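# Structural description and commentary
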Amino acid sequence: MGRKPGAERSFNITVEAPADMGYDVYAVPEGSAIDIELRLEAIMEGVLATGSASARAVGECVRCLDAIDKFIVVGFQELFLYEAPSNPEEAEEEDFVLEDELLDLETVLRDAVVLALPHNPLCGPECPGLCPECGARLADDPDHTHGEAIDPRWATLSQLADQPVPSAESSESDSTSGLSKE
């Protein structure tokens, strides 16, 4: 493009996804296709790269562990400087610099994709998850129950409630027989 401000070029390209484009539970698989629509504009300071990328993200729902497979589309815009600032104090960590008139979009794409992916992906907004007692998927059986939950501190009392209670007649005869023996 040269360094002539106002020059512009557009590209539609497909590239392979690099490693680590996402989180452990949800990511763009390494080597999968990423479709990029890119527009490069020469300005005074450098080249402005503007575009969008679409890719397939796969992972697991964090509530029910079902597979998730969705297409995502992210936008990005980044300035690639012609030269690094001569004063180190002016240089910022986020500055991108053209190297031999080439720009590397990998970091820009990774940042855009990772920030667009949910950190805790769900298969649906109303996903009920798994039963905490047996691990059954609650979406498959919405009426799933295990009976009344008993606090473990009161479990011994529930055992006492299961024992038969002596009748009133037998307790009267026991008390009167105890008096006559004396």
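An account of the accompanying structure is given in this report. (Residues numbered from 1 in each chain as written. Predicted model: local features only at pLDDT ≥ 70, side-chain atom pairs only at ≥ 80, totals over all residues. Heavy atoms only, no water.)

Core analysis: the largest hydrophobic core is formed by 31 residues, its most contacted members being Val-28, Phe-76 and Leu-105. Looking at this core, the elements that each hand over two or more residues are strand S3 (26-28), strand S4 (33-42), strand S5 (46-60), strand S6 (67-81) and helix H1 (106-116). (Core = buried A, V, L, I, M, F, W, Y, C linked by side-chain atoms within 4.5 Å. Buried < 20%, exposed > 50% of the residue type's maximum accessible area, 1.4 Å probe, protein only. Helix = DSSP H or I, 4+ residues; strand = E, 2+ residues; numbered from the N terminus.)

Under the defined criterion, the tally for this structure stands at one aromatic pair. Seen from their ring centres, Phe-80 and Phe-96 are 5.4 Å apart, and the 45° between their planes marks the pair as tilted. Of this pair, Phe-80 sits in strand S6 while Phe-96 sits in strand S7 (residues 96-97), and the two are 16 residues apart along the sequence. Judged by relative accessible area, which is 1%, Phe-80 ranks as buried. (Phe/Tyr/Trp six-rings, centres within 6.5 Å; stacked < 30°, edge-to-face > 60°.)

Our focus in this paragraph is H1. When we look at burial in H1, the residues that qualify are Val-108, Leu-109, Ala-112, Val-113 and Val-114. Its buried side turned inward, H1 meets strand S2 (21-22), S3, S4, S5, S6 and S7. (Contact = heavy atoms within 4.5 Å.)

Moving on, we come to the side chain of Ser-32. The topology assignment puts Ser-32 in the loop between S3 and S4. Of the residues examined, Ser-32 reaches a relative accessible area of 13% and is grouped as buried. At 2.8 Å, the side chain of Ser-32 and the backbone oxygen of Pro-29 are in polar contact. Look past the residues within four positions of Ser-32 in its chain and what remains in contact with it is Val-15, Glu-16 and Ala-17. (Polar contact = N/O pair within 3.5 Å; in protein donor to acceptor, adjacent residues only side chain to side chain.)

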